[in-house]
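# Results of the structural survey
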Amino acid sequence: MMGFNKGYLVGTSINFLRSRFCFQGCYTNRHECKGTFHCQCQIPGNQSRNFFNFSKPSRRREYCGRQLVGYSMDQMFEVVSDVENYYKFVPWCKQSIVLKRSPGHLKADLIVGFPPINESYTSNVTLVEPHLVKAECVDGRLFHHLLTLWRFSPGLKRQQQSCVVDFQISFEFKSALHSQLSNLFFDQVARQMEGAFIREAGKRYGPATMQPRSLLFNNQSVKS
């Protein structure tokens, strides 16, 4: 981290915010002392916060998205469970290596790289075809906590090649700097990750039967 200053970090983060996103999700902060969630977009004067006030305690954060997409459950499961090829299509994933594989489970090393983060971590991945892919960080070098969860459920009855995709990522960085920077851009990173899997499905299976539709209302996920 010695080569970075605050001006560079803020400028780099602003570039992320200028990206275009086709997905809308709900980005929440949980104050650990209260155990409650607060949507980022509903905090008055949120942008005037001092993001580099390291005296504040770290927070666990969560992003949730729900989309109706024009691909089947099996197709979306195949894309999301293809961990060894994440480096080819997941934003900022520089390397993805499956270390161990068994029925319903795999263990993988991943390297992520976007300023100012360039770190590796190990995940245990649970696979329930074609319903669920769950990845949990187990080495603790970069994160105190990291859980990524994908759920796939039937879509429209009149359109068999469709499904509902629920995406959730819950995380807490060890580094105070990483934690503060996540307030600026990590919700946007999560949206780009979410969209990347839909685009990869298009590359593998052709055009979708419909445009993705957000199933979020008032910035809250629809409960199953």
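What comes next is a walk through the structure. No experiment lies behind these values; they were computed from the predicted model shown.

## Notes on the pattern of salt bridges
Per the counting criterion, the structure on display carries 5 salt bridges. For Glu136, the salt bridge is made with Lys134, and the minimal N-O distance between the two is 4.0 Å. Residue class for Glu136 comes out partly exposed when judged on its relative accessible area of 35%. The exposure class of Lys134 is partly exposed, given its relative accessible area of 27%.

## Here we look at the nonpolar core
When a protein is soluble and globular, its nonpolar side chains tend to lie buried together. In this structure, Met76, Tyr86, Val133, Phe143, Trp150, Phe152 and Phe197 are the most contacted members of the largest nonpolar core, which totals 38 residues. Ranked by residue count, the leading element in this core is strand β9 (residues 163-173), at 6 residues. Other than its neighbours up to four places away in sequence, Phe197 contacts Met76, Val79, Val80, Tyr86, Phe89, Val90 and Trp150. Judged by nonpolar contacts, the second largest core, of 7 residues, contains Trp92, Leu177, Leu181 and Leu184.

## Describing the pairing of strand β7 (residues 132-137)
When β7 meets strand β8 (residues 143-154), the two strands line up antiparallel, connected through 5 bridges. Opposite Leu132, over in β8, you have Arg151 as the bridge partner. The turn linking β7 back onto β8 is made up of 5 residues, and Gly140 within it adopts a positive phi angle of 70°.

## Considering the packing of aromatic side chains
Applying the stated criterion across every chain, the model contains 10 aromatic pairs. Taking the centre distance of 6.5 Å and the plane angle of 85° together, the rings of Phe77 and Phe152 count as edge-to-face. Taken as a pair, Phe77 in helix α2 (residues 73-80) and Phe152 in strand β8 lie far apart in primary sequence, 75 residues in all. With a relative accessible area of 4%, Phe77 lands in the buried category. Both rings, one in Phe171 and one in Phe173, keep their centres 5.6 Å apart while their planes meet at 65°; by these two values the pair is edge-to-face. Take Phe171: its relative accessible area is 1%, and that puts it in the buried class. Phe173 sits in the buried class, given a relative accessible area of 2%. Here the aromatic cluster, defined as three or more aromatic residues joined through ring pairs, consists of Tyr63, Tyr86, Phe89, Trp150, Phe167 and Phe197.

## Section: the environment of Gln211
Here Gln211 lies in the loop between α4 (176-205) and β10 (213-214). Classification of Gln211 as exposed rests on a relative accessible area of 65%. Residues Gln211 and Leu68, spaced 143 residues apart in sequence, show a C-alpha to C-alpha distance of 8.3 Å.

What counts, and at which threshold
Residues numbered from 1 in each chain as written. Predicted model: local features only at pLDDT ≥ 70, side-chain atom pairs only at ≥ 80, totals over all residues. Heavy atoms only, no water. Salt bridge = Lys/Arg side-chain N within 4 Å of Asp/Glu carboxyl O. Buried < 20%, exposed > 50% of the residue type's maximum accessible area, 1.4 Å probe, protein only. Core = buried A, V, L, I, M, F, W, Y, C linked by side-chain atoms within 4.5 Å. Helix = DSSP H or I, 4+ residues; strand = E, 2+ residues; numbered from the N terminus. Contact = heavy atoms within 4.5 Å. Pairing = 2+ DSSP bridges. Phe/Tyr/Trp six-rings, centres within 6.5 Å; stacked < 30°, edge-to-face > 60°.

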